[in-house]
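Observations on chain architecture
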Amino acid sequence: MNLDLAVLEAFRALTGIAPDGIWRAPGRINLIGEHTDYNDGFVLPFALPQAAYLAAGRRDDARIRVVSVDLGERFETGLDELAPNQDGWHAYLAGVFWALREAGHEVGGADLALASDVPIGAGLSSSAAIECVLVEALNDLYDLGIEPMDRAKLARRAENAYVGAPTGLMDQAASALCTAGHALFLDCRSLAVEQIPFDPERHGHAVLVVDTLTRHSHADGEYASRREDCERAAELLGVPALRDVGDDDLAERLAVLADDQLIRRARHVVTEDQRVLDACAALRADDFAALGALMTASHVSMRDDYEITEPSVDLTVETALAHGAAGARMTGGGFGGCVLVLAALDRLDEIGAAIRAAFADSGRPAPATFVARPAAGAGRLA
């Protein structure tokens, strides 16, 4: 199904006229750097071909009308009715209008038709794609002149303050800023970015994404509790954020926390930041063996120190490694979702078959898989 045509037809059915334009914003894969963004650390995501598509048109009044192609549902509200702490799929859209207006941007009403092929709850930033595609559309429709990083910040504010999910900036920055054929190195404190060439297939490798079909939610208490642990650890260590704790003499430095859980949480973040920097060096050197080892070490840290993996993702990683993968790790906020498997192209079929067999043996439904190729960030299609 061509989603650009689907939203065009849905918009015409909603309004009887053509939209002012059609926009796209992708989901993302985080190659490495999990739960480092809200600790002022480093991340290395890349954009996916899977994306949210939006047909949009300005209205002369203060009404918002939205139709979801995927759900077959409609939502309507007024700009003066927007209030934080809403739920439902439409909250991510309403939150963008609210965030823009709170920031002083003169945004009026709009008619919208939305469709997305980013799996929901899979750790691929389906919500950020929805937020970013609307920010992109409203920026154009109302000629706001907002720079890409500021658009990402406004999308994050919609998710943090309106929806109530305490995520960092990585998801929205990746959706807004990534370029095709590159991973995006992002310093979450300075917001400096670097586009790092990433074309594994040119070097005989691929990133296989395994969707375990185990779903999670960033808005649940587990995500928030990890963030609270990190903030508490930073406070006890006397630093602005865990980003400021180097990995030299780490065990000695963290011992002052005197709490095993806080020590493990902090250790994950500090070592994960270093793994991101090392992964950038590996990509620059086309060293996929080193990249794979870093990915696997990241998963072990998420499993043992941050405690955010679960049986289906652990099974996927273990099976992939046992069948020759260069590296594997869960991606996303945790407690389910997707696993990234870095492997030689000639091992993909064997690894995929082994994972499916392992799921069948454990009584789980077959996972969905696809090869991820770095795609372009948000933009206007028509």
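Located above this text is the structure these notes cover.
Residues numbered from 1 in each chain as written. Predicted model: local features only at pLDDT ≥ 70, side-chain atom pairs only at ≥ 80, totals over all residues. Heavy atoms only, no water.

**Remarks on the overall build of the protein chain**
When helices and strands are tallied, the protein chain shows eleven helices and twelve strands. A compact globule built from 382 residues would reach a C-alpha radius of gyration of about 21 Å, and the protein chain, at 21 Å, matches this within 12%. Seen along its three principal axes, the alpha-carbon backbone of the protein chain occupies a region of about 60 × 50 × 40 Å. A fraction of 72% describes how many contacts in the protein chain between residues 6 or more apart in sequence connect residues 24 or more apart. Taken as two groups, the 33 positive and 59 negative side-chain charges of the protein chain have centres that lie 2 Å from each other. (Helix = DSSP H or I, 4+ residues; strand = E, 2+ residues; numbered from the N terminus. Rg over C-alpha atoms; globule rule 2.2 N^0.38 Å. Contact = heavy atoms within 4.5 Å. Lys, Arg positive; Asp, Glu negative; His and termini not counted. Charge placed at Lys NZ, Arg CZ, Asp CG, Glu CD.)

**Here we look at the pattern of salt bridges**
Following the criterion strictly, the structure yields 27 salt bridges and no others. The closest approach of N and O atoms between E235 and R232, which form a salt bridge, is 3.4 Å. With a gap of three residues between them, E235 and R232 both fall in helix α6 (residues 221-237), about one helical turn apart. Residue classification places R232 among the partly exposed residues on the basis of a relative accessible area of 40%. The partner of E272 in a salt bridge is R275, with the nearest N and O atoms 2.8 Å apart. Of the two residues, E272 and R275 both sit in helix α8 (residues 260-284), three residues apart, roughly one turn of that helix. Across the pair, R275 and E272 agree in class, each one buried. Bridged by salt links that share partners, the residues D229, D260, R264, R265 and E307 form one connected network. (Salt bridge = Lys/Arg side-chain N within 4 Å of Asp/Glu carboxyl O. Buried < 20%, exposed > 50% of the residue type's maximum accessible area, 1.4 Å probe, protein only.)

**Focus: α8**
Here α8 contains 25 residues, and its C-alpha end-to-end distance of 36 Å stays within 8% of the 36 Å for a straight helix at 1.5 Å per residue. Capping of α8 at its N-terminal end is provided by D259; its side-chain oxygen lies 3.0 Å from the backbone amide nitrogen of Q261. Count one or two residues on from α8 and you reach D286, which has phi positive near 55 degrees. (Expected span 1.5 Å × (residues − 1). Polar contact = N/O pair within 3.5 Å; in protein donor to acceptor, adjacent residues only side chain to side chain.)

**A look at the sheet that holds strand β11 (residues 368-372)**
Judged by pairing direction, the sheet is antiparallel, and its four strands sit side by side in the order β9-β10-β8-β11 without closing on themselves. Of all the strands in the sheet, just β9 (327-331) and β11 have a single pairing partner and so form its edges. When strand polarity is set aside, the average angle formed by the axes of neighbouring strands in this sheet is 25 degrees. Relative to strand β10 (residues 338-344), strand β8 (residues 205-211) runs antiparallel, the two being bridged by seven bridges. Its bridge partner lying in β10, A206 is registered against A343. Each of β8, β10 and β11 touches helix α11 (residues 348-361); the most contacted strand, β10, lies at about 145 degrees to it. (Pairing = 2+ DSSP bridges. Axes fitted to C-alpha atoms, helices over the stretch in contact; angles between N-to-C directions.)

**Remarks on the packing of α6 against α8**
Where α6 meets α8, the axes come as close as 9 Å, and the angle between the chain directions of the two elements is 95 degrees. Accordingly, the angle class assigned to the pair α6 and α8 is roughly perpendicular. On the side of α6, the interface is formed by R226, D229, C230, R232, A233 and L236, while α8 contributes Q261, L262, R265, A266 and V269. Classifying every residue of the contact of α6 with α8 gives six nonpolar, one polar and four charged. (Parallel < 35°, antiparallel > 145°, perpendicular 65-115°, else oblique. Nonpolar A, V, L, I, M, F, W, Y, C, P; charged D, E, K, R; others polar.)

**Overview of unusual backbone geometry**
Phi at L191 takes a positive value of approximately 65 degrees, unusual for a residue other than glycine. Looking at where L191 falls in the secondary structure, it is placed in the loop between β6 (182-187) and β7 (193-197).

**Focus: the nonpolar core**
One finds L31, L44, F97, L112, L138, F198 and L291 to be the most contacted residues of the largest nonpolar core, which totals 69 residues. For this core, the element with the highest residue contribution is helix α3 (residues 126-141), accounting for nine residues. Once you skip the residues sitting within four places of it in the chain, F198 turns out to touch L31, F46, G181, H182, A183, V207, L283, F288, L291 and P374. If you look at the next biggest cluster of nonpolar residues, it comprises 38 residues, including L257, I263, M330 and A358. (Core = buried A, V, L, I, M, F, W, Y, C linked by side-chain atoms within 4.5 Å.)

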